[in-house]
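Architecture at a glance
Residue-level listing of the chains:
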Amino acid sequence: MQFAVQNADDIYKIFIADRRGKTATLERKDGYWLYNGQWKARPTAMENLLKTLTQVKVYYMAAKAGEKTMVETIAADGVKVEIYNRKNEKIKCYYVGGVTNDERGTYMMMEGAEVPYVTHIPSFVGQLRVRYMTGDDNWRDRAVFDVPYTDIQSVTVDYTKEKSESFVLEKQGDAYAVRPLHSTTPVLPGAPRKGIPEAYLTQFEKKIAEAYETTNTRRDSVTHLPPFVTITLKKTDGHTKTVRFWPVAVEMDPNLGTTYVERYFTDIDGKDFMLTQHLVMGILFKGYSFFYEGSPRSAVLKN
């Protein structure tokens, strides 16, 4: 009956497998969790899973007449959960099945046991089965950018149509310099406005996508089009990331009669294809003149 691990700090690896052969392996690293040996795991999903692993309790024992149905649902559509400690020793292993009719309880059965139980988390109303995911992208971290400004060496912002507003912002000692990306753009006189480059770079922390679009049928056609903007971030350790944005959800303002962008298809290093929101990413779309006194570009560039 003891499905919960008492201390989350004792959990170092979690293995989840469903009946269709899909698996998820989550391993604790220094400050994050690694998913299937390749990707950083999504923090909120890990938080929900760890809360479940440590707080799940038996809600009630089902009536004898209902045990067979519970076991059958676990066998047909359940997932196997294995939990390991720092020494890679298995400390828990159980199966998670379907939910009760009122969706307040979740069927679980310990490995080697004959009796299933209805479980829940006290004070939480809802099923727990959805927290034991095995989906390909469901576990993956959705961060597009997540870099402290002190770790940024340079940012290059290249607008396909507005070349004169494309720029490079680069760390030079303890200061930051901003210059036009293209040689055809006149260099603006003076130094950038005090504190503006640093304030801009702080926006590259915690920029999260709405979802992965890995299987979107439009991916190839979109990525062969010129993007609205390409942003390349180089860290002080030399690692670079190139992100391209294409407007995808364009809405009409009924009062002004103008259009505005709500979402973008977003490509990261030619590997990941995601959906991002303008509400989150728009603050990054500044122009070269924005950084100088008297700039008319205090708002986002039009796309």
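Up top you'll find the structure we're talking about.
Now for a look at the structure at hand. Numbers given to residues run from 1 along each chain, matching the order in which its sequence is written. Restriction of local features to residues with pLDDT of at least 70 applies here, the model being predicted, together with a cutoff of 80 or more for giving and counting side-chain atom pairs; totals for whole chains, interfaces and linings are based on all residues. With hydrogens and water excluded, all non-hydrogen atoms of the structure serve as input to the side-chain values.

**A closer look at the sheet that holds strand E6 (residues 79–84)**
Strand pairing requires that DSSP identify at least two bridges connecting the strands. Counting from the N terminus, the helices are DSSP H or I runs at least four residues long and the strands are E runs at least two residues long. Spatial ordering of the open sheet is given by E4-E3-E2-E1-E6-E7-E8-E9-E5, a layout of nine strands whose pairing is antiparallel. The sheet terminates laterally at strand E4 (39–40) and strand E5 (57–60), the two strands that pair on one side only. Bridge count between E5 and strand E9 (residues 117–120): three bridges; the pairing is antiparallel. Opposite Val58, over in E9, you have Thr119 as the bridge partner. Against the sheet, helix H2 (residues 64–77) touches E6, strand E7 (90–99), strand E8 (106–110) and E9, its axis set at about 85° to E8. Here, residues are in contact when the closest pair of their heavy atoms is within 4.5 Å. Axes here refer to lines fitted to C-alpha atoms; in helices the fit is confined to the stretch in contact. Angles between the N-to-C directions go from 0 to 180 degrees.

**Topic: H2**
In this model H2 runs 21 Å from its N-terminal to its C-terminal C-alpha over 14 residues, within 8% of the 20 Å that 1.5 Å per residue would give. Turning to H2, its buried residues number three or more, namely Glu67, Met70 and Ile74. Down the axis of H2, the buried side of the element spans an arc of 70°, and every buried residue falls inside it. Structural note: H2 exposes Ala65, Lys68 and Ala76 on the side pointing more than 90 degrees away from its buried face. What a helix should span is 1.5 Å times the count of its residues minus one. Relative accessible area decides the class of each residue, using a 1.4 Å probe on protein chains only: under 20% of the type maximum gives buried, over 50% gives exposed, and in between gives partly exposed. It is the directions from the helix axis to the C-beta atoms whose arc is reported.

**Describing the side chain of Lys207**
Topologically, Lys207 is positioned in strand E14 (residues 207–208). All tallies of charge rest on Lys and Arg as positive and Asp and Glu as negative; His and the ends of each chain are not included. Each reported salt bridge corresponds to a side-chain nitrogen of Lys or Arg within 4 Å of a carboxyl oxygen of Asp or Glu. Buried charged residue Lys207 carries no salt bridge. Nearest counter-charge: Glu205, at 9.1 Å. Residues in contact with Lys207, not counting those within four places in the same chain, are Arg142, Ala143, Val144, Phe145, Val280, Met281, Ile283 and Leu284.

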